[in-house]
Amino acid sequence: MARRFPQINCEQVRWAILERDGGYLTARRACAAVLEAFLAEGGDYRQLAALSTVTLSNGSQLAADRFVFACGPWLGSLFADGIGERVRPTRQEVFFFGTPAGDRRYTEEALPVWADHGTRFMYGIPGNEWRGFKVADDSRGPVFDPTNGERTPTAAALQIARDYIAYRFPGLKGAPLLESRVCQYEESPDEHFIIDHHPQAANAWLVGGGSGHGFKHGPAVGELVARLVLTGEAPNEQFRLSRFAQ
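Treat the numbers as computed from the prediction; the structure is a model and nothing was measured.

> Account for the sheet that holds strand 8 (residues 201-208), with residues named and values stated.
Pairing within the open sheet is mixed, and its three strands lie in the order 1-8-7. Strands at the two margins of the open sheet, each flanked by one partner only, are strand 1 (67-69) and strand 7 (194-198). Going from strand to strand, the sheet's axes swing by 25° on average, the running direction of each strand aside. Alignment of strand 1 against strand 8, held across three bridges, turns out to be parallel. Bridging across to strand 8, Phe67 finds its partner in Ala204.

> Break down the packing of aromatic side chains for me, citing the residues and quoting the values.
Across all of its chains, the model carries nine aromatic pairs by this definition. With 4.9 Å between their ring centres and 65° between their planes, Phe69 and Phe79 make a pair best called edge-to-face. Of this pair, Phe69 sits in strand 1 while Phe79 sits in the loop between helix 2 (75-78) and strand 2 (88-97), and the two are ten residues apart along the sequence. On the accessibility criterion, Phe79 (8% relative accessible area) is buried. Arranged with centres 6.1 Å apart and planes meeting at 25°, the rings of Trp114 and Phe133 form a pair that is stacked.

> A description of helix 1 (residues 27-40) should follow, citing residues and the corresponding values.
Since one α-helical turn is 3.6 residues long, residues separated by three or four positions face the same way. Between its terminal C-alpha atoms helix 1 stretches 20 Å, which fits the 20 Å expected from 14 residues at 1.5 Å a residue. One or two steps after helix 1, the chain reaches Gly42, where phi turns positive at roughly 100°.

> Mind laying out the side chain of Asp116, listing which residues take part and the relevant values?
Residue position: Asp116 is located in strand 3 (residues 114-117). Among the polar contacts made by the side chain of Asp116, one reaches the side chain of Arg168 at a distance of 3.0 Å. Ignoring any residue separated from it by four or fewer positions in sequence, one finds Asp116 in contact with Phe121, Met122, Tyr164 and Arg168.

> Residues and numbers for the pattern of salt bridges, please.
The tally for this structure, following the rule as stated, stands at 14 salt bridges. Its salt-bridge partner being Arg168, residue Asp116 comes within 3.0 Å of it at the nearest N-O pair. Of this pair, Asp116 sits in strand 3 while Arg168 sits in helix 3 (residues 155-168), placing them 52 residues apart in sequence. The class for Asp116 is buried, based on a relative accessible area of 14%. Residue classification places Arg168 among the buried positions, given a relative accessible area of 8%. Here Arg227 and Glu233 are joined by a salt bridge, their closest N and O atoms 3.1 Å apart. On the basis of relative accessible area, Arg227 is assigned to the partly exposed category, the value being 40%. Of the residues examined, Glu233 reaches a relative accessible area of 36% and is grouped as partly exposed. Salt bridges here are not isolated pairs; linked through shared partners, they connect Asp138, Arg140, Glu187 and Glu191.

> Talk me through helix 3; I want residue IDs and the actual numbers.
Here helix 3 spans 20 Å end to end across 14 residues, near enough to the 20 Å set by a 1.5 Å rise per residue. At its buried positions, helix 3 is contacted by strand 2, strand 3, strand 4 (121-125), strand 5 (133-137) and strand 6 (177-187).

> Quick one: what's the story with unusual backbone geometry, residue by residue and with numbers?
Phi at Gln12 is positive, roughly 70°, even though this residue is not glycine. The topology assignment puts Gln12 in the segment before helix 1. Positive phi, close to 50°, is recorded for Asn128, a residue that is not glycine. Tracing the chain through its elements places Asn128 in the loop between strand 4 and strand 5. Judged by relative accessible area, Asn128 falls into the buried class, the value being 7%.

> Quick one: what's the story with the sheet that holds strand 5, residue by residue and with numbers?
Taking strand neighbours across the sheet as the criterion, the five strands line up as 3-4-5-2-6 in an open arrangement whose pairing is antiparallel. Either end of the sheet is taken by a strand with one partner, and the two such strands are strand 3 and strand 6. Across the sheet, the axes of successive neighbouring strands diverge by a mean angle of 20°, strand direction being ignored. Sheet topology note: the strand 2/strand 6 ladder contains ten bridges and is antiparallel. Within strand 6, the residue paired with Phe96 across the bridge is Glu179. Against the sheet, helix 3 engages strand 2, strand 3, strand 4, strand 5 and strand 6, with an angle of about 50° to strand 2.

Rules behind the numbers
- Residues numbered from 1 in each chain as written.
- Predicted model: local features only at pLDDT ≥ 70, side-chain atom pairs only at ≥ 80, totals over all residues.
- Heavy atoms only, no water.
- Pairing = 2+ DSSP bridges.
- Helix = DSSP H or I, 4+ residues; strand = E, 2+ residues; numbered from the N terminus.
- Axes fitted to C-alpha atoms, helices over the stretch in contact; angles between N-to-C directions.
- Phe/Tyr/Trp six-rings, centres within 6.5 Å; stacked < 30°, edge-to-face > 60°.
- Buried < 20%, exposed > 50% of the residue type's maximum accessible area, 1.4 Å probe, protein only.
- Expected span 1.5 Å × (residues − 1).
- Polar contact = N/O pair within 3.5 Å; in protein donor to acceptor, adjacent residues only side chain to side chain.
- Contact = heavy atoms within 4.5 Å.
- Salt bridge = Lys/Arg side-chain N within 4 Å of Asp/Glu carboxyl O.

Next comes the structure, spelled out in structure tokens:
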């Protein structure tokens, strides 16, 4: 690893895996592609808040035989009776650092997407479509309000990211901060998905609990939920709400 990627400080690294078929997903671009495909298939997209199972924030109503609520970090607050604390939004901070001018050692041409399972689980994306060298701490942050929460990054989280890259990628010590994001995870108690009927409404499906890895599983989860809704098949036990009562 040290020979192949000399820009990485391999101190305290006991083993490494290089997955040649691995990569990263551009969430914004992917979501836009899904929306475009959905509209092309004749779907109707409305960017509104759901105040109940059928009434939206502009007063319009939706009528259907079955409903699927995949509301991300809002699932628990929208369904306090069925989900509640079983989906807990946590605050997650992401940073993008500038690399030395003309130095291509920190682009996707020279480095893979990486994850470091050390004292903290740090991960990142080099290059990242020229947005900068992405660094993020996968440690679960504090509970976060996804609607009204402050999305200004904290000095403490930035320092953790700076200290980490200075140690693991010495050539980026003191690199300028180009961009930052405050996102959120939607944590379930066991970090597994929730895919089940609403306890009081058999025609309503609740889908969430991505716990930081929901997006990359989106296509598979979508196909699974579509099959369950269309066929009436029971959800797998490992995704049912009843598992939390055991």
